[in-house]
Amino acid sequence: MKRLKQFINHDLNLSILIGITAVVLLWSAVSFGTSMFSMRNFQSMAFQIPEFGFLALAMMLSNMIGGIDLSIIANANVVAIFTSYVLNGQWAAGTEGISRVLLALALAIVCSCLFGFFNGFLVSKTSAPPLIATLGTMTLFKGLGMALTGGSSVGGIIPEFAAVGKAIWFGVPVIFWIFLIVTVLLGFIMSKSGFGRKLYLYGTNATASRFSAIPNERICTLTFILTGLLSGIAGLIILSRVNSAKVGYGDSYLLQTMIVCVIGGIDPNGGRGTVWGVLIAVLLMQIMSSSFTIMSLSPYTKKLIWGFMLILVLGLNHLIKTYTNRRTLRLSMKGENQL
């Protein structure tokens, strides 16, 4: 009981999020029964989570340093388009099979990192606000995709790559295993590595970070490179699932990733939040989306609910922050009185 109390006091946001998720799971079990809790539905959700989950992790990283990346969807789509041209042989006529897949993956990783580096360069070197910088690169990436495809989809993907998006291992989609591995690795980097500690400090107070001999520009650039890489992985997963790439695919994800980050306890001003909170928020959003599908709700009703949730969580976060500040002040005053 004592350990549970310590955990709740340590991260109140995460504790509340876990409680809300448990309540939603219980409500889904009572309301929908086997329609929700069936192996078929679990596999369906596991196929849908990774592409959105990677984009949410990308948005989380940009929020951690007090910024935002509006180009994540455009990044994912352009990387998917580039990869499609390699996989259908238009850009790799002399290769086939696994060698073509490896070439496509290498191109995707390089391009996604370059896109992220470009965002980081604009923000760190020109001091452009992340909102304006990534709005510009979003438009640039979309324009690049439109120039290459003319607005049409690119298909003809070789079966070796398309099979990854449909593969199942131990009853769980392979792409979900990939998402879990990357999430755990990112969580370790954020909580245990020197880079993670520097990123938190930079997001909390960039001025204090600079006076602590932390290379702010390098941290900012590396963060956006990671954001670009995660977006590129999302593009690859989308491509493997739908067997085609197109400009504009998944545009609705942009708003949803912002909602997930707020629900997951990420402070848009930077310096606060955890990967695990975002992971639980992604799972919560997917459970609710599946519930909405079972209930046959219209898209307008879904948007109404998402908007209400965002406002509710923002208000709840404000109350939690106020309570935490007052509690910290009370404890500090109590300590001074004891002295």
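Fair warning: this is a prediction, and the values are worked out from it, not measured in the lab.

Q: Go over the overall build of the protein with me, naming the residues and quoting the values.
A: Tallying secondary structure elements over the protein gives 14 helices and two strands in all. Here the C-alpha radius of gyration of the protein, 21 Å, is about what a compact globule of 339 residues would show, namely 20 Å. Principal-axis analysis of the C-alpha atoms places the extent of the protein at approximately 80 × 55 × 35 Å. Counting only residues that meet the buried cut, the protein has 45% of its 339 residues in that class. Here the analysis covers contacts within the protein between residues at least 6 apart in sequence; of these, 77% occur between residues at least 24 apart. Here the protein has roughly 17,200 Å² of accessible surface; of this, 68% comes from carbon and sulfur atoms. Each charge sign in the protein was given a centre, from 23 positive and 9 negative side chains, and these centres are 10 Å apart.

Q: I'd love a proper account of the confidence of the model for the protein, names of residues and values included.
A: For the protein, per-residue confidence averages 85 on the pLDDT scale, and 94% of positions sit at 70 or higher. Note on residues 1-10: pLDDT under 50 across the span, and five contacts to partners over four residues away in sequence or across chains.

Q: Quick one: what's the story with the state of the cysteines, residue by residue and with numbers?
A: All chains considered together, the criterion is met by zero disulfides. The thiol of Cys-113 is unpaired, and the distance to the nearest cysteine sulfur, on Cys-111, comes to 9.5 Å. Not part of a disulfide, Cys-261 finds its nearest cysteine sulfur in Cys-220, a span of 17 Å.

Q: Hey, could you go over the nonpolar core for me, with residue numbers and the actual values?
A: Core analysis: the largest hydrophobic core is formed by 86 residues, its most contacted members being Met-60 and Ile-263. Non-local contacts of Ile-263, meaning those with residues more than four positions away in its chain, are made with Leu-17, Ala-281, Leu-284, Met-285, Met-309 and Val-313.

Q: Before we move on, could you go through the side chain of Thr-221 and cite the residues and values that matter?
A: With respect to the element layout, Thr-221 can be found in helix α11 (residues 216-242). In this structure Thr-221 comes out as buried when scored by relative accessible area, which is 12%.

Q: Lay out α11 in plain terms, naming residues and giving numbers.
A: Working note: α-helix, 3.6 residues per turn, so residues spaced by three or four point in the same direction. Over its 27 residues, α11 extends 39 Å from the first C-alpha to the last, a length consistent with the 39 Å expected when each residue adds 1.5 Å. Trailing α11 by a residue or two, Asn-243 shows a phi angle of about 60°, which is positive.

Q: Any chance you could break down unusual backbone geometry for me, citing the residues and the numbers?
A: A positive phi angle is found at Asn-243, which is not glycine, with a value near 60°. Of note, Asn-243 is situated in the loop between α11 and α12 (253-263). Taking the relative accessible area as the measure of exposure, Asn-243 reaches 30% and is therefore partly exposed. Positive phi outside glycine occurs at Ser-296, with the angle close to 60°.

Q: Describe in detail the packing of aromatic side chains, supporting the description with residues and values.
A: Summed over the entire model, instances satisfying the criterion amount to 11 aromatic pairs. Pairing Phe-52 with Tyr-253 gives two aromatic rings, centres 5.5 Å apart and planes at 50°, and the pair type is tilted. Taken together, the residues Phe-52 in helix α3 (residues 39-64) and Tyr-253 in helix α12 connect sequence positions 201 residues apart. Neither Phe-52 nor Tyr-253 differs from the other in exposure class; each is buried. With a centroid separation of 6.4 Å and 50° between ring planes, the pair formed by Phe-82 and Phe-115 is classed as tilted. With Phe-82 in helix α4 (residues 72-87) and Phe-115 in helix α5 (residues 97-126), this pair connects stretches of sequence that are 33 residues apart. Summarising the burial analysis for this pair, Phe-82 and Phe-115 share the class buried. A network of ring pairs unites the aromatic residues Phe-82, Tyr-85, Trp-91, Phe-115 and Phe-141 as a single cluster.

Thresholds, definitions, all that
- Each chain has its residues counted from 1, running along the sequence as written.
- The model is predicted, so local features are restricted to residues of pLDDT at least 70 and side-chain atom pairs to those at 80 or more, both for listing and for counting; the totals for chains, interfaces and linings are taken over all residues.
- Side-chain measures were taken over the full set of non-hydrogen atoms in the model, leaving aside hydrogen atoms and water.
- We count a stretch as a helix when DSSP gives it H or I for four or more residues in a row; a strand needs E for two or more, and each element gets its number in order from the N terminus.
- Here the globule rule reads 2.2 Å times residues to the power 0.38, and the radius of gyration is calculated from C-alpha atoms.
- To sort residues, take the accessible area from a 1.4 Å probe on protein chains only and compare it with the maximum for the residue type: under 20% means buried, over 50% means exposed, and anything in between is partly exposed.
- Note on contacts: a residue pair is in contact if any heavy atoms of the two residues lie within 4.5 Å.
- Each accessible area is a Shrake-Rupley result for a 1.4 Å probe, and residues are judged covered by the shown protein chains and nothing else.
- When charges are counted, neither His nor the chain ends are considered; positive counts come from Lys and Arg and negative counts from Asp and Glu.
- Where a charge lies is defined by one atom per residue type: Lys uses NZ, Arg uses CZ, Asp uses CG and Glu uses CD.
- pLDDT is a residue-level measure of predictor confidence that goes from 0 to 100.
- Counting rule for disulfides: a pair of cysteine sulfur atoms within 2.5 Å.
- What we call a nonpolar core is a set of buried Ala, Val, Leu, Ile, Met, Phe, Trp, Tyr and Cys residues that are connected through their side-chain atoms within 4.5 Å.
- For a helix, the expected span equals 1.5 Å multiplied by the number of residues minus one.
- When the centres of two rings from Phe, Tyr and Trp lie within 6.5 Å, Trp using its six-membered ring, the rings pair. Their planes under 30 degrees apart give stacked, over 60 give edge-to-face, and anything left gives tilted.

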